[in-house]
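A structural walkthrough
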Amino acid sequence: MAFQTPIAIKEAINNIQNSRYLLPAIQREFVWRPYQIERLFDSLMRGYPIGSFLFWRVEPETAKNYNFYQFITNYDQRKPHNPVFGAPGAVPALKAVLDGQQRLTALNVGLYGSGRWKLPRLWWNNPRAFPERRLFLDLLAPRLEDEDELSYKFRLLPIDKTGRPERPGEEAHWYRVGDILDVEDSSDLIDVVFALELTDTSEPLKMLTRLHRVVHGDGVISAYEETNQDPERVLNIFVRANKGGTALSYSDMLLSMAVAQWDKVDARKEIHALVDEIRDIGGGFSFNHDFVLKACLMLGDSDSIRFKVENFKKPEIGTLQDEWDRIRKTIVEAVEVVSSFGYSRQSLTSANALLPIAYYLHHRQARLGDTDRNAMRYWLIRSLLKRGTWSSGVDNLLVAIRQAIKEDPLHDGFPIRAIEGAMASRGKKLTFDEEELQDLADAWYDGRACSLLFLLYDFVDVATNRFHVDHVFPRALMTPARLRKAGVAEGQVPEYEDRVNRLANLQLLEVSKHMPKGVKLPGDWLCTHYSEEERRNHCHLHDLGDLPAEITGFIDFYEARRNRMLEKLRGLLVHR
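On a predicted model such as this, the values are computed, not experimentally measured, just so you know.

Describing the overall build of the chain
Counting its secondary structure elements, the chain contains 23 helices and 14 strands. Over its C-alpha atoms, taken along the principal directions, the chain stretches across nearly 80 × 65 × 35 Å. The buried share among the 576 residues of the chain stands at 53%. Partitioning the contacts of the chain with sequence separation of at least 6, the portion at a separation of at least 24 is 75%. Just so you have it, the chain exposes about 27,000 Å², and 47% of that area is on carbon and sulfur atoms. When the 76 positive and 82 negative side-chain charges of the chain are each reduced to one mean point, those points stand 2 Å apart.

Shown next as structure tokens:
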């Protein structure tokens, strides 16, 4: 291993764009957030070292035997997958990056490409949640000397159709950082400053000159190069090199081992494609490759399903590869089943809870009937409601459940008794005492509340995920100002604000029946949209009782409905 002559960032970017720098299959995906990219460029401008890099010089004959991937130029958080490079053997000077992928990708995205990260408070399926962003530097911002803050104001900003920031701000002049690549000579920067009409002070020219020197002149990319063609040695180097920085998870290593050993299936491509597919089922889920790899170990009957590298070194890895098509179909079917119960990323509080359902589908290979589906649904809801079921000892629990499914003597459907017996033996009884029931009745507006509504009001059609968790008394009514104006005593205002987001003020409504209330009382809203008979039926089915005509009756309504719901929960979770 030899140290190479440092090169400029522009040369490194050119090597990325010309596919002379590639990524080995064992590399994880790009995971940096916008602030990390901005901080990297700030460090460069301040003259801080950004660490050395580690490359593997791959000879053409060696390169033909492995998959390599290109760097991401236009990053999208929804599908952050590197494209496969088709002909690595045709690149005479291929260098695989063993350490430094995150930094090089950040430089490539910041200088040459763009990125899409989800904006806060917007749903994943909202097309406006992932605007295209490019990296800009505010040439008018004063430099800060605080070591903990950015000295230079770099920002990844959403852009309009012209490529400029959507909301530039009156006190800023945003310079697209990538434009510096086209300035060959620093003397040309004077013309750039004049064209931008920024000649009132010398700071913009100083800033651009510094940026030009960082990108074009300074030998920033310092690397060690490994030339040995033995893949085992290279894998060991990779593991050692990646112990620092953004740490590799066990699942990252499992994926790496699968990619390295599967010779009939491109594991990386297949797993990423499957993750994308199951994320889009129904109302959408937040599964990642951790879930898929855990499912592979579960469905492949591996002795252990822990995230340990040795589980992907055993001969059973070949079984997973041979069974991949059936495993993949089973995972998709299991997610579809759970989606038909109404679950999505907002309500499914543990992905591991799907694995017993997936194993049953995989093991029995039988078509699901209504009895099967009802048993699955009842078990899944209760396992998600019971605190602690999926928070510790999960791997051993899943192995015990898997064994119970295989050994179930009845073979007459989803073996809920056998599964719960195995769970009880691991200290995971699905029983609920009165204290737990009281806690459930006070559930906050979250995934547990959704599970409770699915359990209590199973007549609502949630199979197509076209439903809404509605506040009976709208939150817009419960502002302190509106409550006081309506005559609520000052001391009761916090109580109103707290209870509006709890279970007894929530109901399931099909999308076709859900019309925004605004600040209407529920009784007035029902009168507007329902006939008298429909109103009575709705109130009866949803345990609403007699809706008060004034907001001051909310607490009485809440307590009465909570009692009705609590009694139902006793019947469903204790006396059933």
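So, next bit.
Things to note about the environment of L384
Tracing the backbone through its elements, the reader meets L384 in helix α14 (residues 370-385). Taking relative accessible area as the criterion, L384 reaches 7% and is therefore assigned buried. Each C-alpha atom of the pair L384 and A486 lies 39 Å from the other, and the pair is 102 residues apart in sequence. When residues no more than four places from it in sequence are discounted, the contact partners of L384 are Y343, L348, T349, S350, A353, W390, R448 and S451.

Observations regarding the sheet that holds strand β4 (residues 68-69)
As summarised here, the arrangement of the seven strands in space is β1-β12-β3-β7-β2-β4-β6, forming an open sheet in which the pairing is mixed. In the strand order of this sheet, the two ends are held by β1 (2-3) and β6 (84-85), each with one partner. As paired elements, strand β2 (residues 21-24) and β4 share two bridges and run antiparallel to each other. Across the sheet, the residue bridging to P24 is F68, located in β4. Against the sheet, helix α4 (residues 101-111) engages β2, β3 (53-57) and β7 (95-99), with an angle of about 115° to β7.

Quick word on helix α23 (residues 554-573)
Taking 1.5 Å as the rise per residue, α23 with 20 residues should run 28 Å; its terminal C-alpha atoms sit 27 Å apart, in good agreement. Among the residues making up α23, those that are buried are F554, I555, F557, Y558, R561, R562, M565, L566, L569, R570 and L573. Those residues of α23 hidden inside the fold are in contact with α14, α17 (434-441), α18 (447-456), α20 (493-499) and β14 (506-510).

Description of the side chain of S222
Mapped onto the elements of the fold, S222 is located in the loop between α6 (203-217) and β12 (223-226). Overall, S222 belongs to the buried group, its relative accessible area being 18%. Apart from the residues lying within four places of it in its own chain, the contact partners of S222 are F3, P6, G51, S52 and F53.

Quick notes on the packing of aromatic side chains
Taken as a whole, this structure holds 20 aromatic pairs when the rule is applied. Ring geometry for F454 and F467: centres 5.6 Å apart, planes at 85°, overall edge-to-face. Taken together, the residues span a long stretch of sequence, with F454 in helix α18 and F467 in strand β13 (residues 467-471) at a distance of 13 residues. Of the two residues, F454 and F467, neither departs from the other in class, the shared state being buried. Aromatic rings pair up to connect F473, Y496, F554, F557 and Y558 into one cluster. Between R103 and the ring centre of F53, over which it is positioned, the NZ or CZ distance is 4.1 Å. The ring of F432 has K386 lying over it, and the distance from NZ or CZ to the ring centre is 5.3 Å.

Description of the pairing of β7
Along β7, four of the five residues are buried, which leaves the element largely enclosed by surrounding structure. By the bridge criterion, two bridges tie β2 to β7 in an arrangement that is parallel. If you follow L22 over to β7, its bridge partner there is A96. Bridging between β3 and β7 involves four bridges; their strand directions are antiparallel. Along β7, the bridge assignment pairs L54 with D99.

Observations regarding a nonpolar patch on the surface
On the surface, a cluster of nonpolar side chains totalling about 280 Å² of accessible area is made up of I190, F194 and L205. With a relative accessible area of 43%, I190 lands in the partly exposed category.

Comments concerning unusual backbone geometry
Although it is not a glycine, S19 sits at a positive phi angle of roughly 60°. The topology assignment puts S19 in the loop between α1 (9-17) and β2. Assessed through its relative accessible area of 7%, S19 is described here as buried. Positioned with a positive phi, E197 is a non-glycine residue whose angle comes to about 60°. Take E197: it is sitting in the loop between α5 (189-195) and α6.

Observations concerning the packing of α17 against α23
When two helices pack together, their arrangement is given by the angle between their axes and by how far apart the axes lie. Axis separation between α17 and α23 bottoms out at 10 Å; the angle between their running directions is 135°. Between α17 and α23, the angle is such that the two are oblique. Crossing geometry of α17 relative to α23 is assigned as right-handed. Residue-level contacts link E434, L437, Q438, L440 and A441 of α17 to Y558, R562, L566, L569, R570 and L573 of α23. Along the lines of polarity and charge, the residues of the contact of α17 with α23 split into seven nonpolar, one polar and three charged.

What to know about the nonpolar core
The biggest cluster of nonpolar side chains holds 107 residues, and the ones touching the most others in it are I278, V292, Y343 and W379. Leave out the neighbours within four places in its chain, and W379 touches A353, P356, I357, W390, F414, I416, I419, E420, M423 and L430. F30, F41, V177 and L189 belong to the second-largest nonpolar core, a separate cluster that totals 51 residues.

Remarks on the pairing of strand β10 (residues 154-158)
In terms of residue burial, β10 counts as a mostly covered element, since four of its five residues are buried. One ladder, built from five bridges, connects strand β9 (residues 133-138) with β10; its direction is antiparallel. What sits directly across from R134, in β10, is L157.

Quick word on the pattern of salt bridges
For side chains bearing opposite charge, pairing can occur when the charged atoms are close. Summed over all chains, the structure comprises 29 salt bridges. Salt-bridge contacts for D442 lead to R562; the nearest nitrogen and oxygen are separated by 2.8 Å. With a gap of 120 residues between them, D442 in the loop between α17 and α18 and R562 in helix α23 connect regions that are remote in the sequence. One salt bridge connects R499 with E495, and the closest N-O pair in it is separated by 2.9 Å. One end of the pair is R499 and the other is E495, both in helix α20 and four residues apart, which spans about a single turn. Classification of R499 by relative accessible area gives buried; the value is 17%. Residue E495 is classed as partly exposed on the basis of its relative accessible area, which comes to 26%. Shared partners join several salt bridges into a network, and the residues in it are R116, E132 and R134.

Calculation notes
- Residues numbered from 1 in each chain as written.
- Predicted model: local features only at pLDDT ≥ 70, side-chain atom pairs only at ≥ 80, totals over all residues.
- Heavy atoms only, no water.
- Helix = DSSP H or I, 4+ residues; strand = E, 2+ residues; numbered from the N terminus.
- Buried < 20%, exposed > 50% of the residue type's maximum accessible area, 1.4 Å probe, protein only.
- Contact = heavy atoms within 4.5 Å.
- Areas by Shrake-Rupley, 256 points an atom, 1.4 Å probe, with all protein chains shown as cover.
- Lys, Arg positive; Asp, Glu negative; His and termini not counted.
- Charge placed at Lys NZ, Arg CZ, Asp CG, Glu CD.
- Pairing = 2+ DSSP bridges.
- Axes fitted to C-alpha atoms, helices over the stretch in contact; angles between N-to-C directions.
- Expected span 1.5 Å × (residues − 1).
- Phe/Tyr/Trp six-rings, centres within 6.5 Å; stacked < 30°, edge-to-face > 60°.
- Lys NZ or Arg CZ within 6 Å of the ring centre and 35° of its normal.
- Patch = residues over 30% accessible without salt bridge, like charges linked within 9 Å, V, L, I, M, F, W, Y side chains within 5 Å.
- Salt bridge = Lys/Arg side-chain N within 4 Å of Asp/Glu carboxyl O.
- Parallel < 35°, antiparallel > 145°, perpendicular 65-115°, else oblique.
- Left-handed = near helix turned anticlockwise from the far one by under 90°.
- Nonpolar A, V, L, I, M, F, W, Y, C, P; charged D, E, K, R; others polar.
- Core = buried A, V, L, I, M, F, W, Y, C linked by side-chain atoms within 4.5 Å.

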